[in-house]
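This is what each chain is made of:
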Amino acid sequence: MKKIPEENLRLIQEFTLFDDLYMNVFFKDFEEGAQWMLRLILDDPQIEIESVRVQEVVLNLTSKTSRFDIAATDKKANHYDTEFQTVLYPDLKKRGRFYLSNEDMDMLPRGENYDTLADSYVIFICRGDVIGDGAPMHHFTMKDENGLELGDGQHLIFINADYAGDWRLKDLMEDFKEADPDKMRYDILKKRAERLKKEEVGIMYMNESLRDLVSKREQAAQLAGYEMAYETAQREQYEKQTRIAQKMLADHMPAKKIAELLDMTVEEIEKIRKNER
């Protein structure tokens, strides 16, 4: 095996599915595993997954971009987004609503009728109780005040992976939190974990993924440094122009002339004049 840094080997062995990098590699092109997971969570053995995409980005020119951890589509065109969540942000419920709306936009092409919309699911698997009532799982759908189901096809699900009691998905949640393949309960997850953590090809792939992640973070840090330096230079340049404009205004030079000389707008000059009063 090619020499791998000890720190990387240690990280690979400690990863669980709540670690983004490992989760991405684990479910990439793993339709069988995503299908098995969704069938178990939703208690529906008829789900047939056709495609799986990890870290799928949904772009929208007029609103916030969404990034789905594990996006899947079945043979009926139903959409599923499964999120592994370690931090219980207070906006998770609203994020779920937003993700559902983005799934809908992604599956309804221009000109199609609304009745062609398939079902959409957003599933948050969380390290804690998002809802706060002590239940291990909540499956929300649209209902009226009398409990009548609207049947619009939207499903928002929150699962507490740390629920201490026995329940239907207890073993699945424990496997999601388990780093050691030998201690995993379900064979389909265990074999996938063994491939990534014990077999040479899997370890090499995980190591490359780690290197890519470190490289991207270093590039991001470098870019952030450049952006900070640029912003600092822009701010210093503006402060210098402001001081010059103040002197020109004190000499009663017209605002339009100052703006032309300093490559500023008349509005900016008038704002400087106003702040001087």
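Anything mentioned here points back to the structure above.
Residues numbered from 1 in each chain as written. Predicted model: local features only at pLDDT ≥ 70, side-chain atom pairs only at ≥ 80, totals over all residues. Heavy atoms only, no water.

Points about the environment of Ala164
- Considering the arrangement of structural elements, one finds Ala164 in the loop between strand E6 (154-160) and helix H5 (170-177).
- Here Ala164 falls in the exposed class, since its relative accessible area comes to 71%.
- Counting along the chain gives 30 residues from Ala164 to Gly134, while the straight-line C-alpha distance between them is 9.8 Å. (Helix = DSSP H or I, 4+ residues; strand = E, 2+ residues; numbered from the N terminus. Buried < 20%, exposed > 50% of the residue type's maximum accessible area, 1.4 Å probe, protein only.)

Examining the pairing of strand E3 (residues 79-85)
- Among the seven residues of E3, seven are classified as buried, and the element is accordingly described as predominantly covered.
- Sheet topology note: the strand E2 (residues 66-74)/E3 ladder contains four bridges and is antiparallel. Bridged to Ala71 within E3 is Asp81. (Pairing = 2+ DSSP bridges.)

Thoughts on the pattern of salt bridges
- In the structure shown here, the tally under the stated rule is 13 salt bridges.
- Residue Lys177 is joined to Asp162 by a salt bridge in which the shortest nitrogen-to-oxygen separation is 3.2 Å. Placement of the pair is Lys177 in helix H5 and Asp162 in the loop between E6 and H5, with a sequence separation of 15 residues.
- For Asp162, a relative accessible area of 32% gives the class partly exposed.
- Here Arg273 and Glu270 are joined by a salt bridge, their closest N and O atoms 3.1 Å apart. With a gap of three residues between them, Arg273 and Glu270 both fall in helix H9 (residues 266-276), about one helical turn apart.
- Residue classification places Arg273 among the partly exposed positions, given a relative accessible area of 25%.
- Classification of Glu270 as partly exposed rests on a relative accessible area of 34%.
- Three or more residues joined by partner-sharing salt bridges are found here, namely Arg127, Asp162, Lys170, Glu174 and Lys177. (Salt bridge = Lys/Arg side-chain N within 4 Å of Asp/Glu carboxyl O.)

Considering the side chain of Gln241
- With respect to the helices and strands, Gln241 occurs in helix H7 (residues 200-250).
- Separated by 2.7 Å, the side chain of Gln241 and the backbone oxygen of Leu262 make a polar contact.
- Ignoring sequence-local partners within four residues, the contact set of Gln241 consists of Leu262 and Met264. (Polar contact = N/O pair within 3.5 Å; in protein donor to acceptor, adjacent residues only side chain to side chain. Contact = heavy atoms within 4.5 Å.)

Some details on the nonpolar core
- One finds Phe27, Phe84, Ile125 and Phe176 to be the most contacted residues of the largest nonpolar core, which totals 44 residues.
- With six residues, the top contributor of residues to this core is helix H2 (residues 20-27).
- Every residue in contact with Ile125, bar those within four places of it in the chain, is listed here: Phe18, Ile41, Thr82, Glu83, Phe84, Gln85, Ile159, Ala161, Met173 and Phe176.
- Judged by nonpolar contacts, the second largest core, of twelve residues, contains Val58, Phe68, Val122 and Val130. (Core = buried A, V, L, I, M, F, W, Y, C linked by side-chain atoms within 4.5 Å.)

Structural notes on the packing of aromatic side chains
- If you walk through the whole model with that rule in mind, you get 15 aromatic pairs.
- With 5.9 Å between their ring centres and 75° between their planes, Phe26 and Phe30 make a pair best called edge-to-face.
- Ring pairs connect the aromatic residues Phe15, Phe18, Tyr22, Phe26, Phe27, Phe30, Phe84 and Phe176, which therefore count as one cluster.
- A cation over a ring is seen here: Arg127 above Phe18, with NZ or CZ 5.3 Å from the ring centre.
- For Arg192, the ring lying beneath its charged end belongs to Phe30, and the centroid distance is 4.3 Å. (Phe/Tyr/Trp six-rings, centres within 6.5 Å; stacked < 30°, edge-to-face > 60°. Lys NZ or Arg CZ within 6 Å of the ring centre and 35° of its normal.)

Quick word on unusual backbone geometry
- Within the chain, Asp43 stands out as a residue other than glycine whose phi angle is a positive 55°.
- For Asp43, the location among the structural elements is in the loop between helix H3 (31-42) and strand E1 (49-58).

Considering H3
- Relative to the 16 Å expected for twelve residues at 1.5 Å per residue, H3 spans 16 Å between its end C-alpha atoms, a close match to the ideal helical length.
- Among the residues of H3, Gly33, Ala34, Gln35, Met37, Leu38, Ile41 and Leu42 are the ones counted as buried.
- Positioned one or two residues after H3, Asp43 has a phi angle of 55°, which is positive. (Expected span 1.5 Å × (residues − 1).)

Let's talk about the sheet that holds E3
- The strand order E1-E2-E3-E4-E6-E5 describes an open sheet built from six strands, whose pairing is mixed. Of all strands in the sheet, those with a lone pairing partner are E1 and strand E5 (137-140), marking the two edges. Looking at each pair of strands side by side, their axes are set apart by 20° on average, direction ignored.
- Sheet strands in contact with H3 are E1, E2, E3, strand E4 (120-126), E5 and E6, and its direction is about 95° off that of E1. (Axes fitted to C-alpha atoms, helices over the stretch in contact; angles between N-to-C directions.)

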